[in-house]
Amino acid sequence: GNSVTQMEGPVTLSEEAFLTINCTYTATGYPSLFWYVQYPGEGLQLLLKATKADDKGSNKGFEATYRKETTSFHLEKGSVQVSDSAVYFCALRPHSGYALNFGKGTSLLVTP
Amino acid sequence: NAGVMQNPRHLVRRRGQEARLRCSPMKGHSHVYWYRQLPEEGLKFMVYLQKENIIDESGMPKERFSAEFPKEGPSILRIQQVVRGDSAAYFCASSPRTGVNEKLFFGSGTQLSVL
């Protein structure tokens with residue numbers, strides 16, 4: 001079946017630190033991969049996506065590359081800000097489907 | 001353009017009562033999805049609806065749960081005779097159309113607590 005595994009949180013970083021949140025997946029075929037972010041008190045928002053192998057999704061300084069050989073889609077940002085504090089969800093959508101499979105979420109806290 | 005609106009934000013029910021969760025999709029969106037997030041778990045797909053039709057309810061528990069999306073008005077997720085295990089965050093998402101690359105817009109969720 002399809003599943004997503006992401007690193008346990010919470011992750012606490014100082015402002016301007018480098019961020020990596022690991023995400024690996026299990027899927028048949030060629031799924032699309034996503035990172036969603038949930039800020040406190042708000043709904044999930046699409047942060048970035050990649051639809052095929054070696055694609056790099058990027059947005060607001062965040063990046064993730066679709067690695068089929070390692071079945072991974074790790075989220076990175078070179079210099080985090082306090083405003084990046086949120087919960088980050090990795091997700092996949094099967095090639096022939098529409099339902100998203102989410103990881104458990106990783107809480108990020110950035111301190112000044 | 002208002003986003004996806006879910007209400008109530010918090011709902012408290014006693015065991016055996018009914019819970020009704022509402023979701024108003026974004027304007028112009030006719031596709032609605034419901035997801036549930038149990039404590040310490042990721043979001044799990046429950047049901048996919050278009051106006052007046054249930055397209056896929058493969059993630060819905062077989063009993064006590066039902067969903068509708070009428071021609072007029074919000075989508076409703078209904079849980080009858082709630083039990084403590086139903087305590088979770090319920091998220092609704094909408095999109096203007098279906099497709100593997102279609103962007104979903106999520107609401108802020110309803111936190112259901114069963115006493």
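Structural notes, computed from the coordinates. Note that the structure is a prediction, hence the values are computed from the model and not measured.

Rules of the game
- Residues numbered from 1 in each chain as written.
- Chains lettered and ligands numbered in written order.
- Predicted model: local features only at pLDDT ≥ 70, side-chain atom pairs only at ≥ 80, totals over all residues.
- Heavy atoms only, no water.
- Pairing = 2+ DSSP bridges.
- Helix = DSSP H or I, 4+ residues; strand = E, 2+ residues; numbered from the N terminus.
- Axes fitted to C-alpha atoms, helices over the stretch in contact; angles between N-to-C directions.
- Salt bridge = Lys/Arg side-chain N within 4 Å of Asp/Glu carboxyl O.
- Buried < 20%, exposed > 50% of the residue type's maximum accessible area, 1.4 Å probe, protein only.
- Contact = heavy atoms within 4.5 Å.
- Buried area = accessible area lost by both parts, 1.4 Å probe.
- Nonpolar A, V, L, I, M, F, W, Y, C, P; charged D, E, K, R; others polar.
- Phe/Tyr/Trp six-rings, centres within 6.5 Å; stacked < 30°, edge-to-face > 60°.
- Disulfide = S-S within 2.5 Å.

1. Examining the sheet that holds strand E8 (residues 75-79) of chain B
Residues and elements named next belong to chain B.
Here is step 1 of the chain: The strand order E1-E3-E8-E7 describes an open sheet built from four strands, whose pairing is antiparallel. In this open sheet, the two edge strands, each paired with only one partner strand, are strand E1 (5-7) and strand E7 (65-68). Going from strand to strand, the sheet's axes swing by 15 degrees on average, the running direction of each strand aside.
Here is step 2 of the chain: Of the strand pairs in this sheet, strand E3 (residues 19-24) and E8 are connected by five bridges, and their pairing is antiparallel. Counterpart to Arg-20 in the pairing with E8 is Arg-78.

2. Digging into the pattern of salt bridges
Residues and elements named next belong to chain B.
Here is step 1 of the chain: According to the stated counting rule, one finds six salt bridges over all chains in the structure shown.
Here is step 2 of the chain: Arg-20 is paired through a salt bridge with Glu-18; the nearest N and O atoms lie 2.9 Å apart.
Here is step 3 of the chain: One salt bridge connects Arg-64 with Asp-86, and the closest N-O pair in it is separated by 2.7 Å. On the criterion of sequence distance, the pair formed by Arg-64 in the loop between strand E6 (53-56) and E7 and Asp-86 in the loop between E8 and strand E9 (88-95) is long-range, its members being 22 residues apart.
Here is step 4 of the chain: For Arg-64, a relative accessible area of 25% puts it in the partly exposed group.
Here is step 5 of the chain: Members of the salt-bridge network, linked through shared partners, are Glu-18, Arg-20 and Arg-78.

3. Re the interface of chain B and chain A
Frequently, the measure chosen for interface size is the accessible area that the parts lose on association.
Here is step 1 of the chain: Taken residue by residue, the interface counts 23 residues in chain B and 23 residues in chain A.
Here is step 2 of the chain: Across the interface of chain B and chain A, roughly 1700 Å² is buried in total on both sides, 54% from carbon and sulfur atoms.
Here is step 3 of the chain: For the pair chain B and chain A, the number of links is zero salt bridges.
Here is step 4 of the chain: Sorting the residues of the side of chain B that touches chain A by element identifies strand E4 (31-37), strand E5 (43-50) and E6 of chain B as the ones contributing at least two each.
Here is step 5 of the chain: Its residues assigned to classes, the side of chain B that touches chain A comprises ten nonpolar, seven polar and six charged.

4. Regarding the packing of aromatic side chains
Here is step 1 of the chain: Going through the model one piece at a time under the given rule, you end up with eleven aromatic pairs over all chains.
Here is step 2 of the chain: For the pair A:Tyr25 and A:Tyr66, a centre-to-centre distance of 6.1 Å together with 75 degrees between the ring planes defines the contact as edge-to-face. Taken together, the positions of A:Tyr25 in strand E4 (residues 23-26) and A:Tyr66 in the loop between strand E8 (62-65) and strand E9 (75-77) put the pair 41 residues apart, joining distant regions of the chain. Across the pair, exposure class does not vary: A:Tyr25 and A:Tyr66 are buried alike.
Here is step 3 of the chain: For the pair A:Phe89 and A:Phe102, a centre-to-centre distance of 6.2 Å together with 90 degrees between the ring planes defines the contact as edge-to-face. Pair noted here: A:Phe89 is in strand E10 (residues 86-93) and A:Phe102 is in strand E11 (residues 101-102), with a separation of 13 residues, a long-range link.
Here is step 4 of the chain: Given the relative accessible area of 1%, A:Phe89 is considered buried.
Here is step 5 of the chain: Ring pairs connect the aromatic residues A:Phe34, A:Tyr36, A:Phe89, A:Phe102, B:Tyr35, B:Phe45 and B:Phe106, which therefore count as one cluster.

5. Looking at the sheet that holds E9(A)
Residue and element names in this part refer to chain A.
Here is step 1 of the chain: Spatial ordering of the open sheet is given by E3-E9-E8-E7, a layout of four strands whose pairing is antiparallel. The sheet is open, and its two edges are formed by strand E3 (19-21) and strand E7 (56-59), each paired on a single side. When the angles between neighbouring strand axes are averaged without regard to direction, this sheet yields 15 degrees.

6. Examining the environment of B:Glu40
Here is step 1 of the chain: In this structure, B:Glu40 sits in the loop between E4 and E5.
Here is step 2 of the chain: Between the alpha carbons of B:Glu40 and B:Arg22 there is a distance of 24 Å; along the sequence they are 18 residues apart.

7. A closer look at the state of the cysteines
Defined simply, a disulfide is a covalent bond joining two cysteines at their sulfur atoms.
Here is step 1 of the chain: Within this structure, the stated rule accounts for two disulfides over all chains.
Here is step 2 of the chain: Here A:Cys23 engages in a disulfide with A:Cys90; their sulfurs sit 1.9 Å apart. Its torsion about the S-S bond being -70 degrees, the disulfide of A:Cys23 and A:Cys90 is classed as left-handed. Here the residue A:Cys23 occupies a position in strand E4, and A:Cys90 occupies one in strand E10, the gap between them amounting to 67 residues. Across this residue pair, the class does not change: A:Cys23 and A:Cys90 are buried.
Here is step 3 of the chain: Residue B:Cys23 pairs covalently with B:Cys92 via a disulfide, S to S 1.8 Å. Between B:Cys23 and B:Cys92 the disulfide shows an S-S torsion of about -55 degrees. By sign, it is left-handed. A residue pair is termed long-range when its members are at least 10 positions apart, and B:Cys23 in strand E3 and B:Cys92 in strand E9 qualify at 69 residues.

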